[in-house]
There are 2 protein chains.
Amino acid sequence: MTAQNAFYAQSGGVTAVINASACGVIETARLHQDRIGKVFAGRNGIIGALTEDLIDTSLETAEDIAALRYTPAGAFGSCRYKLKSLEANRREYERLIEVFKAHEIGYFFYNGGGDSADTCYKISQLSETMGFPVQALHVPKTVDNDLPITDNCPGFGSVAKYIATSALEASFDVRSMAKTSTKIFVLEVMGRHAGWIAAAGGLIEDHGIPVMILFPEIEFDQARFLAAVQEKVAAHGYCTIVVSEGAKYPDGRFLAEQGTRDAFGHAQLGGAAPVVANMIKEATGYKFHWAVADYLQRAARHLASKTDVEQAYAMGRAAVEFALAGHSAVMPTIKRVSQDPYRWEVGEAPLSEVANVEKFMPREFISEDGFGITTSCKEYLIPLIQGEDYPPYERGMPKYVTLKNVAVETRLPAFEL
Amino acid sequence: MTAQNAFYAQSGGVTAVINASACGVIETARLHQDRIGKVFAGRNGIIGALTEDLIDTSLETAEDIAALRYTPAGAFGSCRYKLKSLEANRREYERLIEVFKAHEIGYFFYNGGGDSADTCYKISQLSETMGFPVQALHVPKTVDNDLPITDNCPGFGSVAKYIATSALEASFDVRSMAKTSTKIFVLEVMGRHAGWIAAAGGLIEDHGIPVMILFPEIEFDQARFLAAVQEKVAAHGYCTIVVSEGAKYPDGRFLAEQGTRDAFGHAQLGGAAPVVANMIKEATGYKFHWAVADYLQRAARHLASKTDVEQAYAMGRAAVEFALAGHSAVMPTIKRVSQDPYRWEVGEAPLSEVANVEKFMPREFISEDGFGITTSCKEYLIPLIQGEDYPPYERGMPKYVTLKNVAVETRLPAFEL
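Residues numbered from 1 in each chain as written. Chains lettered and ligands numbered in written order. Predicted model: local features only at pLDDT ≥ 70, side-chain atom pairs only at ≥ 80, totals over all residues. Heavy atoms only, no water.

Chemist: What should I look at first to understand empty space enclosed by the protein in this one?
Modeler: A water-sized probe, rolled over the atoms, reveals where empty space remains. All names here are of chain B. Per the stated rule, a full pass over the model turns up three cavities of 30 Å³ or more. Its boundaries defined by the atoms lining it, the second largest cavity holds a volume of some 50 Å³. Lining the second largest cavity are L214, F215, I218, E219, F220, D221, R224, A247, G370 and F371. (1 Å grid on protein atoms, 1.4 Å probe; cavity = no way out; pocket = protein on both sides within 12 Å on 5 of 7 lines; lining within 4 Å. Points joined across faces, edges and corners; volume = space filled by probe spheres on them.)

Chemist: I keep staring at the UniProt feature "site: Important for catalytic activity" (unreviewed entry) in chain A and nothing clicks. Help me out?
Modeler: All names here are of chain A. The sites that carry the UniProt feature "site: Important for catalytic activity" (unreviewed entry) are, in the present numbering, K141. Mapped onto the fold, K141 is located in the loop between β5 (135–140) and α7 (156–177). What makes K141 buried here is its relative accessible area of 5%. Ignoring anything within four residues of it in the chain, the contact list for K141 reads S11, G12, G13, T15, I18, N111, G112, G113, L147 and P154. Among the polar contacts listed, one links the side chain of K141 to the backbone oxygen of G13, at a separation of 2.5 Å. (UniProt positions renumbered as here; feature names shortened; annotations may be inferred. Helix = DSSP H or I, 4+ residues; strand = E, 2+ residues; numbered from the N terminus. Buried < 20%, exposed > 50% of the residue type's maximum accessible area, 1.4 Å probe, protein only. Contact = heavy atoms within 4.5 Å. Polar contact = N/O pair within 3.5 Å; in protein donor to acceptor, adjacent residues only side chain to side chain.)

Chemist: Can you walk me through the domain arrangement of chain A in this structure?
Modeler: By a widely used convention, the size of an interface equals the accessible area lost when the partners come together. Residue and element names in this part refer to chain A. The assigned domain composition of chain A is domain 1 (4–142 + 303–356 + 388–398) and domain 2 (156–299). Centre-to-centre, using C-alpha coordinates, domain 1 lies 34 Å away from domain 2. When domain 1 packs against domain 2, the two sides together hide about 840 Å² of surface, and 51% of this comes from carbon and sulfur. Put simply, domain 1 and domain 2 have one salt bridge between them. We note a salt bridge from E388 to K161, for which the minimum N-O separation is 2.7 Å. Residues belonging to the side of domain 1 that touches domain 2 are distributed by class as follows: six nonpolar, four polar and three charged. (Domains from an automatic or database assignment. Buried area = accessible area lost by both parts, 1.4 Å probe. Salt bridge = Lys/Arg side-chain N within 4 Å of Asp/Glu carboxyl O. Nonpolar A, V, L, I, M, F, W, Y, C, P; charged D, E, K, R; others polar.)

Chemist: How do you make sense of the nonpolar core when you look at a structure like this?
Modeler: In this structure, A:L68, A:F76, A:F109, B:L68, B:F76 and B:F109 are the most contacted members of the largest nonpolar core, which totals 176 residues. With 58 residues, the next largest nonpolar core counts A:L226, A:V243, B:A273 and B:I280 among its residues. (Core = buried A, V, L, I, M, F, W, Y, C linked by side-chain atoms within 4.5 Å.)

Chemist: What am I meant to see in the relation of the copies chain B and chain A here?
Modeler: Each copy of the chain is related to the other by a rotation around an axis and a translation along that axis. Between the two copies, chain B and chain A, the superposition gives an RMSD of 0.0 Å; the rotation angle is 180 degrees and the shift along the axis is 0.0 Å. The superposition of one copy onto the other is thereby described by a two-fold rotation axis. The rotation axis passes nearest to the C-alpha of B:V292 in chain B, at a distance of 2.5 Å. (Least-squares fit on C-alpha atoms with pLDDT ≥ 70 in both.)

Chemist: Can you walk me through the packing of aromatic side chains in this structure?
Modeler: Centre-to-centre distance and the angle between the planes together describe a pair of aromatic rings. Residue and element names in this part refer to chain B. Enumeration according to the criterion identifies 34 aromatic pairs over all chains in this entry. Where F365 meets Y380, the ring centres are 5.6 Å apart and the plane angle is 40 degrees; that geometry is what we call tilted. Of this pair, F365 sits in the loop between α13 (351–354) and α14 (375–381) while Y380 sits in helix α14, placing them 15 residues apart in sequence. Here the two residues F365 and Y380 agree in accessibility, since each one is buried. (Phe/Tyr/Trp six-rings, centres within 6.5 Å; stacked < 30°, edge-to-face > 60°.)

Chemist: So what exactly am I meant to see when it comes to the pairing of strand β2 (residues 36–42) of chain B here?
Modeler: Moving residue by residue along a regular strand, the side chains alternate between the two faces of the sheet. Residue and element names in this part refer to chain B. Here β2 lies mainly inside the structure; five of its seven residues are buried. In terms of strand pairing, strand β1 (residues 4–10) meets β2 through four bridges, oriented parallel. Bridging from a neighbouring strand, F7 pairs with F40 of β2. Each parallel crossover has a hand, and for β1 linked through helix α1 (residues 18–30) to β2 it is right-handed. In terms of strand pairing, β2 meets strand β3 (residues 54–56) through three bridges, oriented antiparallel. (Pairing = 2+ DSSP bridges. Right-handed = clockwise from strand over helix to strand, strands pointing away.)

This is the structure:
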């Protein structure tokens, strides 16, 4: 059997540990050079495949590849670009096959979330649909934790650790100030459809902090919310609120879309946090502070969960091992084997069951009043944020790697996206 | 000489390391119990002294006091409450003296910024002005880094490390996404008058990141700013902007006060970050993300600078040692003795020269175009963010201490603030 090359690409929003999966793919492939020749990475994800902009990862040193394990974001660039169906855009699939043929690519590793699983599934069907033999494996990644079958998604544990820690620290701050100043702290977190990240904020309750969560899964009830905030302030002197960017009014409008206008009358793209903070101020007069974590949360490799880093690496490694075992159209998964002590192992899921399925917070993870998390939710979350895995520092800042990312010489005519 | 008790209070906005100063005060006082009886902490700062709400720190274990070194925010509560002049409110000073007398307090340690230095100075004058002998020492603290004489202020180094690290991580993120999605990342940081914290964002330039800083010290020139952003995006594909909450238009309006109104016509208290992000979007069409770090930055003990922690502790210890040596109306300072390798020692400044003086960024620390920092600024900043000093973790989250904070029995009638 002659060695085939592999294609690896990062897709969608990046995370603190997606490069750890890349590290797992590349390091494992390097152990099997009799079977996998070179790993070519797509520059800016699948676009790199379409435009034949491939990065030759074999030109990176072992040290630099190892440094991917502690470097956040997408080392090869990512993209938001979803392949249409074969019927709708046959031209793109034909181009992919041309590029794969030109560079002797027989393995396709796609590192992303639900949309990417769908793309990966389509690629895996190319042997059937277009007669081109390629093994396509999906490597799970999403801070949103919304992929089905897998117990959790690489990227989520680190965001959860960051949000839980940051909410705890900021709550200590507001607790200090509450007597004469700030009584309300509102933290906005990611998660447009699923409240997993917001749920992590609920972990601070066990540290004695009065906290309320606004989930996308629960219709926002303003009157009940404001009453509950006032109760917490009466009891504790302050209150922390963690609001998901996807929190919605009963009519479906996002809290973040309050119809605010700037001085010129343009719609103002604010966040949910200032809306919630101002709403509380209106109703109660309490002084507030608010923060919007945005990219800080998903890029915060300095506070990654060790469990998450290990799982992200393991998913990359397992994808290569599955490929070498002849599998295709599958995704490695994380299976929770035991709760306490937490143990997990690698599982395997068919992409046909993963693609385009979103996993929301189960109702039993959300407290009855809709503003908190239950014990079973805490039991689910805590193992995922276990352990610290600090990057090295130099001159006071993390020493993250930027790869050389040398392009492979092109062999085909240019292609218009 | 009979032992006198000490009063310690935290004042103004708290920091990631103000408790390290408290730890320095209390641990050092405990070594000298022949001279300093007990350390009473004001619950919620100076308000605790006025209302005779004193916390008996002698009831806290040595372990819990040691844990203050790695616990963010104000363990005894802080407040925003500035004593008026003796002429304007003699009643408050008389009350303080009553409380100090009733609890045999001969030492006053006040841990705060510029306003607090003024309060501390007034207290130090009580022997002269009201015939009450008390030694008053100020322990410097402010994330704003705006106290005079001292080379830097405890609290600042940790915020600077947090902002530099977070801006670096988020920039790696936007760099990954820029090809098809986000090209602009705007991070809003604290510093209403002085741009020290924003300056720390400039450190990412040496990591290859195109970054622009908006300082409160530099009038915002919208046209020149937008042109510079477009240049950076043309050259790098993306751009990070770090904006100080105090950034202002030439007419003195804050960028954050864009006159935005919500759906009900109420003035919207937005941040500077969304204003800058939307302004860039209007002019260029670039997709953006923005974050407002707010309390997350000043509470982020999980990413404290080791240098900062050591200096905060040393300032607390030095204040007690100065008191024992008979000094009053002074503040310990940090003196930079050598740049490379960085060495510092404890100095001493008279409060008369500290109170109500603000130290702004020197113009030579800001690049000629007004949007960056100079080499001398980097040389100033880098030693302050050196070293990591991680807190212990338990179940995936930092194990911060919450003290018992037992109140001392009152001996006086109540007092209306």
